[in-house]
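Observations on the model geometry
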Amino acid sequence: MRSPLVSARWLHEHLGDERLRIVDCRFSLQDPSAGRRAYTAGHLPGALFLDLEQDLSAPVRPDRRGGRHPLPTPEALAQTLGRAGIGNEHVVVAYDDPPAGGMYAPRLWWLLRWLGHEQVAVLDGGIGAWRAAGYEVSTAAVEYAPTTFKPHPRPEMVVDADFVAHRPAGTVLIDSRAPERYRGEVEPIDPVAGHIPGAINRNWLDSLEASGKFKPAEAQQKRFAGLEGEIIAYCGSGVSATANLLALELAGKQAKLYAGSWSDWVSDPSRPVARGEA
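All of these numbers come straight from a predicted model, not from anything done at the bench.

Here we look at the overall build of the protein
For the protein, the helix and strand inventory stands at ten helices and ten strands. For the protein, the C-alpha radius of gyration of 18 Å lies close to 19 Å, the compact-globule estimate for 278 residues. Evaluated residue by residue, the protein yields a buried proportion of 52% over its 278 residues. Surface summary for the protein: the accessible area is close to 12200 Å², and the carbon and sulfur share equals 51%. Charge separation in the protein, taken as the distance between the mean sites of 30 positive and 34 negative side-chain charges, equals 2 Å.

Some thoughts on the packing of aromatic side chains
For the structure shown, the criterion picks out five aromatic pairs. Between the aromatic rings of Trp110 and Trp114, the centroid separation amounts to 5.7 Å while the plane-to-plane angle is 15 degrees, which identifies the pairing as stacked. Highlighted residues: Trp110 and Trp114, both in helix α4 (residues 104-114), separated by four residues, approximately one helical turn. Each of the two residues, Trp110 as well as Trp114, counts as buried. Arranged with centres 4.9 Å apart and planes meeting at 55 degrees, the rings of Trp130 and Tyr135 form a pair that is tilted.

Notes on the side chain of Ser28
Within the element layout of this structure, Ser28 appears in the loop between β2 (20-24) and α2 (34-41). Here Ser28 falls in the buried class, since its relative accessible area comes to 18%. A distance of 3.3 Å separates a polar side-chain atom of Ser28 from the backbone nitrogen of Gln30. Reaching out from Ser28, the side chain makes a polar contact with the backbone nitrogen of Asp31 at a distance of 3.2 Å. Residues in contact with Ser28, not counting those within four places in the same chain, are Ala34 and Tyr104.

A few points about the sheet that holds strand β1 (residues 5-6)
The strand order across the open sheet built from five strands is β1-β5-β4-β2-β3, with neighbouring strands paired in parallel fashion. Looking at which strands have only one partner, the edges of the open sheet turn out to be β1 and β3 (48-49). In this fold α4 packs onto β2, β4 (91-95) and β5 (120-123), with an angle of close to 175 degrees to the strand it touches most, β5.

Conventions we followed
Residues numbered from 1 in each chain as written. Predicted model: local features only at pLDDT ≥ 70, side-chain atom pairs only at ≥ 80, totals over all residues. Heavy atoms only, no water. Helix = DSSP H or I, 4+ residues; strand = E, 2+ residues; numbered from the N terminus. Rg over C-alpha atoms; globule rule 2.2 N^0.38 Å. Buried < 20%, exposed > 50% of the residue type's maximum accessible area, 1.4 Å probe, protein only. Areas by Shrake-Rupley, 256 points an atom, 1.4 Å probe, with all protein chains shown as cover. Lys, Arg positive; Asp, Glu negative; His and termini not counted. Charge placed at Lys NZ, Arg CZ, Asp CG, Glu CD. Phe/Tyr/Trp six-rings, centres within 6.5 Å; stacked < 30°, edge-to-face > 60°. Polar contact = N/O pair within 3.5 Å; in protein donor to acceptor, adjacent residues only side chain to side chain. Contact = heavy atoms within 4.5 Å. Pairing = 2+ DSSP bridges. Axes fitted to C-alpha atoms, helices over the stretch in contact; angles between N-to-C directions.

What follows is the structure, encoded as structure tokens:
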């Protein structure tokens, strides 16, 4: 894929392609069953459903290490994909329901890239863009024959807490959460408020237009202007940061993911916490 995004028109024109696999990634942190209900009520024709917590994350550990949405092992994720009928030969398009729910499709986009699969993109504007274009949704059951997905992991795309704590001088660490969470004024999910010392704030929602589509490359370049060298992005649990990683790619920059993110960082009370502005 030449771009991490495809348009509703492009996707509609390719619906008949046997290599295509569309994946509905809708989810709600406040109501984890909402995505499945929305899928049942109406999804893109031919779309599969993959759940953030059941399919695209490993189980949460009792000690909370790895965060609220730990990365699945490459082998486990490959098995999930194969059972769903997604193989290495397929072109995958992920979608969700931005703007507020626009971080879940990028999670699958990033996961597949992490497994070495380049033929993956996000539907720009999600299901809202599809409907706005006048295209129909379906309630039909979707099932593909199981296949084999062979992972080719790219460990250089991800870092852990120890790397972040001892990152080289000059590394840019981006906190992708809302500014008030970054400053530690509120924390609706995790047990500790604040941010990793030295991190700057670039709210992932600022990567999107009001329509839910990603802002063009020029606007993304302005968001990340002046950031040079190695870049690492994190968020609350390694989900919304992937939207910033996609935006960074649009801006022509490469970055790594601290997958465990803030929820992993604060699982160890000895790690430092900063509050207020950078």
